[in-house]
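What follows is each chain in one-letter form.
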Amino acid sequence: MGMNYGDYQLGIYMNGARGVLPDLPMDSAAMEELAKSRMDPRILGYVAGGAGNEYTQRANVAAFERLGIMPRMLVGAAQRSMGINLFGHALPSPLFFAPVGVLGAVTDDGDLATAASSAELGMPMVASTLSQAPLEQVRTAAGETPGFFQLYPPADRELAESLVHRAEAAGYSGIVITLDTWVNGWRPRDLSAAYLPMLTGQCLANYLSDDRFRKLLAEQGSTDPAAAVMLWASLFGNPTMTWEDLEWFRSLTSLPIVLKGICSPEDTRRALDGGMDGIYCSNHGGRQANGGIPAIDCLPGVVEAAGGAPVLFDSGVRSGVDALRALALGATAVGIGRPYVYGLAAGGQAGITHVMRSLLAEADLTMAVNGYPDLDSLRGSLHRL
Ligand SMILES: Cc1cc2nc3c(=O)[nH]c(=O)nc-3n(C[C@H](O)[C@H](O)[C@H](O)COP(=O)(O)O)c2cc1C
Ligand SMILES: O=C(O)C(=O)c1ccccc1
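Just so you know, these numbers come straight off a predicted model, no measurement behind them.

Caption draft 1: Structural context of the sheet that holds strand E4 (residues 95–97). In spatial order, the strands read E4-E11-E10-E9-E8-E7-E6-E5; together these eight strands make up an open sheet with parallel pairing. Two strands bound the open sheet, and with one partner strand each, they are E4 and strand E5 (126–127). This element, helix H15 (residues 295–306), spans strand E9 (278–281) and strand E10 (311–313) of the sheet and lies at about 175° to E10. Against the sheet, helix H17 (residues 338–370) engages E4 and strand E11 (333–336), with an angle of about 165° to E4.

Right under this line is the structure:
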């Protein structure tokens, strides 16, 4: 008899039958509450907060509730498959770890704990440029599971090249270039605490360990930590980038490149015409711009314009059912963001793994109940409420 991800449920009930309750919460909202009680208030504000009055952040989540899955009976869905193929990699599930740049500020080993969960679950991690452990160590900790490196292209092109070449050498399977964070959005929670983790020197390991960055630092005259932070701040973003730079992106690597932060069909076509290999539809969880469109409402247009190219999606996924909704709208793979960060804060690596297993189990059981044995059959099953 094959295994289904939903079997995680049975183990929990069996434990209960011998008097053992789960030591971690069973849904995203409860996990978030527990994490909040265990987090430093400034880190909590950074993770939980978003742009402006956080309308877009809330709307991202709320928009999922308007999408209902039609149940179909007597389909014989005893075995479900959630496997996907992404850039030639056969993956056991469609979930992945969205890039989060302050994992190392949540717990010292946050990046490595996430990578260890990635190894354990076969679920790819998109490793952020802003990590506390250098990208090489993160890759090693992810073991056999393929992973992607998320690049914030710095203003210095040689530094960008150096980071990409390091990612290639370390064994990453592709590069995710984030386009929506050239400047930091207006974030009242962080402003009230006057707190940005990177400015206290956290999560800059990829820069501090980089030959090009160190050369630039040496040229500045001072190599003390404050000077390194100032150099980082001056190089981090590059708001002058335009579509003209796609050729340069393409020249950086022969690995697959995915552009993150695309929400419009026009931009989707432009990216693919310019030689990009995939699209990552996301509004950064409402952290960057307020007053936007819920990301899930942008997904159908992006999928259509992508014409079969892989479409990754994140922003607002809080349950296994939300993941199914995004897959039913045509996403190839679904990124989990804040929920696994709360798992990390509440329970370390075991907390991350529990969050991901719970999402997978809920998705699998919902497919079983509703009569969808695989992800292809889910397509077109959504009804707008
Ligand atoms: C604390 C935090 C840090 C993040 N850092 C990065 C990052 O370094 N690079 C990036 O591309 N996206 C980053 N993101 C955005 C996530 O990849 C993702 O788009 C977002 O979390 C999705 O929204 P959700 O978590 O509300 O579902 C970050 C998100 C959070 C919550
Ligand atoms: O917090 C983020 O979402 C993020 O990715 C970021 C990166 C650099 C500066 C500010 C925010």
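Now that the structure is up, let's keep going.
Caption draft 2: Region of interest: unusual backbone geometry. Here Glu-54, not a glycine, exhibits a phi torsion of approximately 65°, which is positive. A relative accessible area of 11% places Glu-54 in the buried class. Within the chain, Ala-194 stands out as a residue other than glycine whose phi angle is a positive 45°. What makes Ala-194 exposed here is its relative accessible area of 71%.

Caption draft 3: Just helix H16 (residues 320–328), in detail. Among the nine residues in H16, nine count as buried, and that is most of the element. Taken residue by residue, H16 has Gly-320, Val-321, Asp-322, Ala-323, Leu-324, Arg-325, Ala-326, Leu-327 and Ala-328 as its buried positions. Directly beyond the C-terminal end of H16, a positive phi value near 110° is found at Gly-330.

Caption draft 4: Examining the pairing of E9 more closely. With burial as the criterion, each face of E9 is covered, one bearing Gly-278 and Tyr-280 and the other bearing Ile-279 and Cys-281. Across three bridges, the pairing between strand E8 (residues 257–260) and E9 is parallel. Each residue of the ladder has a partner; that of Leu-259, found in E9, is Ile-279. Since E8 and E9 lie parallel, the crossover through helix H14 (residues 265–273) that links them has a hand, and here it is right-handed. Strand direction decides the pairing type here: E9 and E10, joined by three bridges, are parallel. In the strand pairing of E10, Tyr-280 is matched with Leu-312. Note that the unit made of E9, H15 and E10 has a crossover that is right-handed.

What counts, and where the lines are drawn
Residues numbered from 1 in each chain as written. Chains lettered and ligands numbered in written order. Predicted model: local features only at pLDDT ≥ 70, side-chain atom pairs only at ≥ 80, totals over all residues. Heavy atoms only, no water. Pairing = 2+ DSSP bridges. Helix = DSSP H or I, 4+ residues; strand = E, 2+ residues; numbered from the N terminus. Contact = heavy atoms within 4.5 Å. Axes fitted to C-alpha atoms, helices over the stretch in contact; angles between N-to-C directions. Buried < 20%, exposed > 50% of the residue type's maximum accessible area, 1.4 Å probe, protein only. Right-handed = clockwise from strand over helix to strand, strands pointing away.

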